[in-house]
Amino acid sequence: DTAVSQTPKYLVTQMGNDKSIKCEQNLGHDTMYWYKQDSKKFLKIMFSYNNKELIINETVPNRFSPKSPDKAHLNLHINSLELGDSAVYFCASRDRGQMSGYTFGSGTRLTVV
Amino acid sequence: DQQVKQNSPSLSVQEGRISILNCDYTNSMFDYFLWYKKYPAEGPTFLISISSIKDKNEDGRFTVFLNKSAKHLSLHIVPSQPGDSAVYFCAAKEDGGSEKLVFGKGTKLTVNP
């Protein structure tokens, strides 16, 4: 009954590979996000989708492509992985009509070697 | 360009005493502030929030104070418990409908029994 679930939890891959991280929420929220926590521990927004429509794209390289097949899912595909992509990626969701906080997933630790 | 700053990377307090976590911001367009708590290998969880039209919000042991003129907010935890040991993130949302949260780097709180 996890509210926001991400898979996989850990991902180790070689430079140049293409990988995907999946996110699903069962809260009925209409807005979903991807955040990245880098080595300096900053949590920064990458993308936001509202009802499958992209509403925020924060100067993220084109190698990152979010896909939202429906409002309960927001997947992140990364092409040609680089060492600097190593980070923890968090998916989150929110009901846009509410001012309360987001619900985050438990994160995916991506390590590029 | 850190718009949300948590200048203390760590804080250690004794059980039963007060914990005070501080946060400063630079963007005067922020109109809503949130605190998140994060345990290792988990996603951030929403703790408490405050609108810019208020100067205090209380929820059980947790109180957030906002000083708009100083662009400063603080989270008070009274009494502190060992289970409160976690990383606390301050976050802010900009007025004008932007969906993104801007996070500080976090403060690691350790409550000693």
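Above this text sits the structure in question.
Residues numbered from 1 in each chain as written. Chains lettered and ligands numbered in written order. Predicted model: local features only at pLDDT ≥ 70, side-chain atom pairs only at ≥ 80, totals over all residues. Heavy atoms only, no water.

A. Quick look at the interface of chain A and chain B. In this complex, chain A contributes 24 residues to the contact, which on the side of chain B involves 17 residues. At the boundary of chain A with chain B, total buried surface from both sides reaches about 1700 Å², with 62% on carbon and sulfur atoms. For the pair chain A and chain B, the interface holds one salt bridge. Glu58 of chain A is paired through a salt bridge with Lys100 of chain B; the nearest N and O atoms lie 3.2 Å apart. At the surface where chain A touches chain B, the tally comes to four residue pairs in polar contact (both at pLDDT 80 or more). The set of elements that each furnish at least two residues to the side of chain A that touches chain B consists of strand E4 (31-37), strand E5 (43-50), strand E6 (53-57) and strand E9 (87-94) of chain A. In terms of residues, the side of chain A that touches chain B owes the most to one element, E4 of chain A, which gives four residues. (Contact = heavy atoms within 4.5 Å. Buried area = accessible area lost by both parts, 1.4 Å probe. Salt bridge = Lys/Arg side-chain N within 4 Å of Asp/Glu carboxyl O. Polar contact = N/O pair within 3.5 Å; in protein donor to acceptor, adjacent residues only side chain to side chain. Helix = DSSP H or I, 4+ residues; strand = E, 2+ residues; numbered from the N terminus.)

B. Molecular detail of the sheet that holds strand E7 (residues 64-70) of chain A. Residue and element names in this part refer to chain A. A sheet is described by the order of its strands in space; here four strands give the open sequence E1-E3-E8-E7, paired in antiparallel fashion. Each end of this open sheet is capped by a strand with a single partner; those strands are strand E1 (4-7) and E7. When the angles between neighbouring strand axes are averaged without regard to direction, this sheet yields 20°. Bridging between E1 and strand E3 (residues 19-25) involves four bridges; their strand directions are antiparallel. When the bridges of E3 are listed, Val4 appears paired with Gln25. (Pairing = 2+ DSSP bridges. Axes fitted to C-alpha atoms, helices over the stretch in contact; angles between N-to-C directions.)

C. Expanded view of the state of the cysteines. Residue and element names in this part refer to chain A. Scanning all chains against the criterion turns up two disulfides over all chains. Two residues, Cys23 and Cys91, share a disulfide whose sulfurs are 1.8 Å apart. Here the S-S torsion is close to -80°, and the disulfide linking Cys23 with Cys91 is therefore left-handed. Linking Cys23 in strand E3 with Cys91 in strand E9, this pair joins segments that are 68 residues apart in sequence. (Disulfide = S-S within 2.5 Å.)

D. Region of interest: the side chain of Arg63 of chain A. All names here are of chain A. You can see Arg63 is positioned in the loop between E6 and E7. Judged by its relative accessible area of 15%, Arg63 is buried. A polar contact of 3.3 Å, which involves the side chain of Arg63, links it to the backbone oxygen of Ser80. Each residue touching Arg63, except ones within four places of it in the same chain, is listed here: His77, Ile78, Asn79, Ser80, Leu81, Glu82 and Asp85. (Buried < 20%, exposed > 50% of the residue type's maximum accessible area, 1.4 Å probe, protein only.)

E. Quick peek at the pattern of salt bridges. Inspection of the entire model under this criterion finds six salt bridges over all chains. The partner of Lys56 of chain B in a salt bridge is Glu58 of chain B, with the nearest N and O atoms 4.0 Å apart. Residue Lys56 of chain B is classed as partly exposed on the basis of its relative accessible area, which comes to 43%. Through salt bridges with shared partners, a single network forms among Arg63, Glu82 and Asp85 of chain A.

F. The arrangement of unusual backbone geometry in detail. The peptide bond linking Thr7 of chain A to Pro8 of chain A adopts the cis configuration, its omega dihedral lying at 0°. Inspection of the secondary structure puts Pro8 of chain A in the loop between E1 and strand E2 (10-13). The linkage connecting Val78 of chain B with the following residue, Pro79 of chain B, adopts the cis geometry, with an omega of -10°. Tracing the backbone shows Pro79 of chain B in the loop between strand E8 (72-77) and strand E9 (86-94). At Asn51 of chain A, a position not held by glycine, the phi torsion is positive, near 50°. The residue Asn51 of chain A is located in the loop between E5 and E6 in this model. Judged by relative accessible area, Asn51 of chain A falls into the partly exposed class, the value being 42%. Notably, Ser80 of chain A is not glycine yet its phi reads approximately 45°, a positive angle. With respect to the helices and strands, the residue Ser80 of chain A is situated in the loop between strand E8 (73-78) and E9. Of the residues examined, Ser80 of chain A reaches a relative accessible area of 38% and is grouped as partly exposed.

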